[in-house]
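# Commentary on secondary and tertiary structure
Listed below, chain by chain, are the residues.
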Amino acid sequence: MTDYWSMLFVFVLATFIGLGVIRRVSRLLYTPLMSLTNAISAIAVVGSIAVTGAEYPKVIRVLGAIALFASMTNIVSGFLITDRMPLYWMNDPKTARHAVVAGVTGMLVAVLATWFQPEIVHHGWIVLAIVAGFLVGVPLSLVPLTAVPQRTALSHAFGGLAAGLVGTAEYFLGLTEHPEQLSAFRMSAIVAEVILGFLTFTGSLMAAGKLQEVKWIPQRPVTYPGQNVVNIGVLVVAAALGVVVVVHPTAAWSAQVFSGIVGLAVLFGVLLIIPIGGADMPTVISILNSYAGLSAVAMGFVLNNKLLVTAGALDGSSGLILSIIMCRAMNRSFTNVLFGAFGTVQKTAVIGEQKAWKQETVEGAAQLLEQASLVVVIPGYGMAVAQAQHKVRELYDQLTKRGITVKFAIHPVAGRMPGHMNVLLAEANIPYTALVEMEEINPDMPQCDVALVIGANDVVNPAARYAKGSPIYGMPIIDADKAKTVLAIKRSKNPGFAGIDNELYVQDNTWMLFGDAKAVVGDLVKQFGSGGLH
Amino acid sequence: MKIGVPKETAANERRVALTPDVAGRLVKAGLPVVVERGAGEAASFADEAYAAAGATPVATGVETFGQSDIVLKVQPPSTQEARLCPEGSALVALFQPSAEREAVSQLAARKVTAFSLALLPRITRAQPMDVLSSQATVAGYKAVLLAATATGRFFPMLVTAAGTLPPARVLVLGAGVAGLQAIATARRLGAVVTAFDVRAVAKEQVESLGAKFLELQIGEQAEAAGGYAKQLSEETHRRELAFIAEHVKDADVVITTAAIPGKRAPVLITAAAVDGMKPGAVIVDLAAETGGNCEVTKPGTEVRHRGVLVLGPLNLPSTLPLHASQMYARNISSFLLHVTRDGKLVVDFDDEIIRETCVTHAGEVRKS
């Protein structure tokens, strides 16, 4: 029992440390961060080596070898991709690189330390699985950076699979050779590991498939009545069976019940992901990262391995924090997301096909702006709240310096008082000549290369033209949707003053930049200033 | 259908219901316009300008009323003017029916269909017709200019060889349209602006103009339908008064804009609170017309209370007649185009805008 206490202690400590570290990471490094922690979660490799190399029955060792292959693929591709990424962002490439080096070193130490343990006697299979891991992992790391989310999801799948297989292996090993070792605590850990591992496996495969737009995986959210009940039901049944098996680990039917748990976990993973639309995928991937980490923690408890517990806790906590941050930014309830009810937002009536919001990076947006000849800025209340007028002036200067025509289209009711935009733009010394009225600019909108919507919503909502029941019906709007490209800076997915959805945001030529207007415009200005563009 | 614009007869009213430009637009839209001679003079619009735009000048008010199918005014008609309206004609003006009982009953007796733009619902479709907002914008802006002229201080900060002059500290009470515009104008002049409002939504709006919001924990829901402030309970009102008394102490300028539609304006600054203010401070009370937010306000004039100057201006929009008329004319013509079809008045009570603004129709008084 004392050992379990110390492992619990390690778990809690590692979680806190993980939370503390992750909070300090810059927003720009989130994707490489996930890739890195994802690679670390492949610490499952340690467990896999232990199982593959020890003096266990062949079946067990086969499971271990598969798990080892999966983990190695993870490690190899994960580290290689993370290494590629910091080059893409201009900020902090040096320190980010250090993290990668540290990770690789740590992994190497862990692998070697485990390998050289006396119980490991069958080296041949270990070598084979490791080589196979490299053979698959290297090509996997060479995917285009836009495919990184899918690859990350795939890697979670491998991590989950490894955990699930090791747990299964440990159970059957215990069943055949050391039944007395299947104590309640150990069994609970095994059951947890198996459920978490397999649900992460199938869930991540589904997520990767959706992102890669694989043909037979439905792209649109698949919802049905009572979905939440079914999902939770499956999980509850799996947990209940788990309790049964914990209490009676060695009964005649225990093995079948165990297989049943595995099956349910696999099913739950699928059910969890099918109601999710493409736009929520990043949050989902982050959560699956967390689950993968937790399954590694469970593995650590099963194998009595503090290293697994630590790395898994780090992975779990980073995934958790990222998910919460993302949910907040998207204005979604975190508990909603946890119980797989991602699809509820889509219940509101949507005109036409349900489309996803496309997000652009600051670098991409800056490039779009730089290549334009006519940019029309459409400010709204969001710009006022953020008090972004001075940053907007800096952007104006950067663009006009490059010979780009910049006009500010002021809608008569933009903001919350007459002349709201005027007083702010005047404060920033935007010349009166740059301001245009709605009637004046609308005929030119089809020639506009980029319509930069800064915190404006209802005044550019196309529903005003035709949606008879809409509260804004009949109000003349600025024809932002007619521009060649629309970049919209918005605090969140919340509706504007009129409280209705705006289909401008999901148009094919619209890209979102989420965040506070001052911060986002400030980042855009930096792109022009610091040598990112000339 | 002929539109008539008489000269405003109310004292100090310099605005006119239609400017030459807007009159021209209506004429082009097929609605002939007659304008009394001199109607736009106080707002700098000459008779010739109206004529050039296609409107017909008419010699007297009596004739203007007599020839019109629909009369457009700023101020409500006096009882005599109401009697001048032809039977079954229409009239649009800006007024609270409860304050014009006599004129309203006169209009009903003459079977006039009268509309008051003060009763427009605050919906998106009615925004182009919203006179209350357009005129309040003028009031808020003008209030700051009055204060800047009346005070002995600079508004912006100045560091000079003759010493450093700190910026004026301006406190705005009430963050509605007038209050927000006052905040913006004071900021343009360089003052340090703080604002207070009982409605929670006002905080973000005030801060979006770069001013500081003073927060008082109000337990109850202080915002009524249409975005107006509600009357507060006794207890909360007491706390509000104490809070304001505390904050006016270091204000150089206080601009109060709190109004409750159809009721007496709430008292926000007690006489005792004025006693606590700095000598040389200025209060501009925009609610003087409906009783005043300050206990010592005298509507229509200025009062010196122990070194503090309290201004209670009436009809501030009229003091910026050119632009106030321009905005009023656009508002009223948007309304006009909404209630007419093919040159005829269409009184469709299913339409929210018509239903809410119609004060009298077919001899009946609908709003009082």
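Below is a summary of the structure that appears in this document. (Residues numbered from 1 in each chain as written. Chains lettered and ligands numbered in written order. Predicted model: local features only at pLDDT ≥ 70, side-chain atom pairs only at ≥ 80, totals over all residues. Heavy atoms only, no water.)

With that settled, consider the overall build of chain A. From N to C terminus, chain A includes 20 helices and 6 strands. In chain A, buried positions account for 54% of the 534 residues. (Helix = DSSP H or I, 4+ residues; strand = E, 2+ residues; numbered from the N terminus. Buried < 20%, exposed > 50% of the residue type's maximum accessible area, 1.4 Å probe, protein only.)

Let's shift gears to the pattern of salt bridges. Residues and elements named next belong to chain B. A full pass over the atoms with the stated rule returns 26 salt bridges over all chains. Among the salt bridges present, the one from arginine 37 reaches aspartate 47, with a minimum N-O distance of 3.9 Å. Of this pair, arginine 37 sits in the loop between β2 (33-36) and α2 (47-53) while aspartate 47 sits in helix α2, and the two are 10 residues apart along the sequence. A relative accessible area of 45% means that arginine 37 is categorised as partly exposed. (Salt bridge = Lys/Arg side-chain N within 4 Å of Asp/Glu carboxyl O.)

Residue and element names in this part refer to chain A. Among the surface-exposed residues, Glu437, Glu439, Glu440 and Asp444 lie close enough to one another that they form a single negatively charged patch. Among the structural elements, glutamate 440 can be located in helix α18 (residues 438-441). For glutamate 440, a relative accessible area of 51% puts it in the exposed group. (Patch = residues over 30% accessible without salt bridge, like charges linked within 9 Å, V, L, I, M, F, W, Y side chains within 5 Å. Areas by Shrake-Rupley, 256 points an atom, 1.4 Å probe, with all protein chains shown as cover. Lys, Arg positive; Asp, Glu negative; His and termini not counted. Charge placed at Lys NZ, Arg CZ, Asp CG, Glu CD.)

All right, on to the environment of threonine 60 of chain B then. All names here are of chain B. When you line up the elements, threonine 60 lands in the loop between β3 (56-58) and α3 (61-67). Judged by its relative accessible area of 33%, threonine 60 is partly exposed. Spatially, the C-alpha atoms of threonine 60 and arginine 37 are 6.9 Å apart, while their sequence positions differ by 23 residues. Of note is the side chain of threonine 60, whose polar atom sits 3.1 Å from the backbone nitrogen of glutamate 63. (Polar contact = N/O pair within 3.5 Å; in protein donor to acceptor, adjacent residues only side chain to side chain.)

To continue, consider helix α20 (residues 517-529) of chain A. Residues and elements named next belong to chain A. For α20, built from 13 residues, the straight-helix expectation of 18 Å at 1.5 Å per residue is met to within 8% by its first-to-last C-alpha distance of 18 Å. Buried residues of α20: Ala517, Val520, Val521, Gly522, Leu524, Val525, Gln527 and Phe528, and no others. Taken together, the buried residues of α20 touch α14 (362-370), α15 (381-386), α16 (389-401), β4 (450-454), β5 (485-490) and β6 (510-514). Regarding α20, its N-cap is aspartate 516, as a side-chain oxygen of that residue lies 3.0 Å from the backbone nitrogen of lysine 518 further along. (Expected span 1.5 Å × (residues − 1). Contact = heavy atoms within 4.5 Å.)

All right, on to the packing of helix α9 (residues 227-247) of chain A against helix α10 (residues 254-273) of chain A then. Residue and element names in this part refer to chain A. Put simply, α9 and α10 touch, their axes get as near as 9 Å, and they point 155° apart. In terms of orientation, α9 and α10 fall into the roughly antiparallel class. As for the relative orientation of α9 and α10, their crossing is left-handed in sense. For the pair α9 and α10, the contacting residues are Gln227, Val230, Asn231, Val234, Leu235, Val237, Ala238, Leu241, Gly242 and Val245 in the first and Ser254, Val257, Phe258, Ile261, Leu264, Leu267, Phe268, Leu271 and Leu272 in the second. Its residues placed into classes, the contact of α9 with α10 shows 15 nonpolar, 4 polar and no charged. (Axes fitted to C-alpha atoms, helices over the stretch in contact; angles between N-to-C directions. Parallel < 35°, antiparallel > 145°, perpendicular 65-115°, else oblique. Left-handed = near helix turned anticlockwise from the far one by under 90°. Nonpolar A, V, L, I, M, F, W, Y, C, P; charged D, E, K, R; others polar.)

In this section: the interface of chain B and chain A. Between chain B and chain A, the residue contacts involve 16 residues of the former and 19 residues of the latter. Here chain B meets chain A over a buried area of about 1,400 Å², counting both sides, of which 57% is carbon and sulfur. The largest per-residue losses of area from chain B upon contact with chain A belong to Thr124, Arg188 and Ser208 of chain B, which jointly make up 34% of the total buried on that side. Taken together, the connections running from chain B to chain A amount to 2 salt bridges. Glutamate 204 of chain B is the partner of arginine 491 of chain A in a salt bridge, and the nearest nitrogen-oxygen pair spans 3.2 Å. Here chain B and chain A share 8 residue pairs in polar contact (both at pLDDT 80 or more) between them. Going through the elements one at a time, α7 (177-188) and α8 (202-207) of chain B are the ones with two or more residues in the side of chain B that touches chain A. (Buried area = accessible area lost by both parts, 1.4 Å probe.)

A separate point is the sheet that holds strand β19 (residues 364-365) of chain B. What the 8 strands build is an open sheet, ordered β3-β2-β1-β4-β5-β6-β18-β19 (chain B); its pairing is mixed. Strands with a single pairing partner mark the edges of an open sheet, and in this sheet they are β3 and β19 of chain B. (Pairing = 2+ DSSP bridges.)

In summary, soluble globular proteins display a tendency toward joint burial of nonpolar side chains. If you look at the biggest cluster of nonpolar residues, it comprises 83 residues, and the most contacted ones within it are Ile43, Val45, Leu68, Met187, Ile190 and Ile273 of chain A. For this core, the element with the highest residue contribution is helix α8 (residues 184-211) of chain A, accounting for 12 residues. Formed by 75 residues, the second largest nonpolar core is a distinct cluster that contains Ala414, Met417 and Leu487 of chain A together with Ala139 of chain B. (Core = buried A, V, L, I, M, F, W, Y, C linked by side-chain atoms within 4.5 Å.)

All names here are of chain B. Positioned with a positive phi, asparagine 315 is a non-glycine residue whose angle comes to about 50°. For asparagine 315, the location among the structural elements is in the loop between β15 (308-311) and α11 (321-339). Classification of asparagine 315 by relative accessible area gives buried; the value is 10%. Look at aspartate 342: it is not a glycine, yet its phi comes out positive at around 55°. Its location among the elements puts aspartate 342 in the loop between β16 (340-341) and β17 (344-345).

For the rest of this paragraph, the subject is the packing of aromatic side chains. Residues and elements named next belong to chain A. Applying the stated criterion across every chain yields a total of 10 aromatic pairs over all chains. Between tyrosine 171 and phenylalanine 172, the ring centres sit 5.3 Å apart and the planes meet at 70°, which makes this aromatic pair edge-to-face. Taking the relative accessible area as the measure of exposure, phenylalanine 172 reaches 25% and is therefore partly exposed. Summarising the aromatic geometry, the rings of phenylalanine 172 and phenylalanine 258 are spaced 5.9 Å apart at their centres and angled 80° between planes, so their arrangement reads as edge-to-face. Of this pair, phenylalanine 172 sits in helix α7 (residues 148-176) while phenylalanine 258 sits in helix α10; the two residues are 86 residues apart in sequence, bridging distant segments of the chain. You can call phenylalanine 258 buried: its relative accessible area is 1%. (Phe/Tyr/Trp six-rings, centres within 6.5 Å; stacked < 30°, edge-to-face > 60°.)

Before going further, it helps to examine the pairing of strand β14 (residues 302-305) of chain B. Residue alternation in β14 of chain B divides its side chains into a buried set, Val303 and His305 of chain B, and an unburied set, Glu302 and Arg304 of chain B. Turn length for the β14 of chain B-β15 of chain B hairpin, with the two strands adjacent in sequence and antiparallel, is 2 residues, and the turn residue arginine 306 of chain B shows positive phi of about 50°.

Turning to the side chain of threonine 236 of chain B, a few remarks are in order. Residues and elements named next belong to chain B. In this fold, threonine 236 is placed in helix α9 (residues 234-247). On the basis of relative accessible area, threonine 236 is assigned to the buried category, the value being 5%. Sequence-distant contacts of threonine 236, that is, excluding residues within four places in its chain, are made with Ile218 and Glu220.

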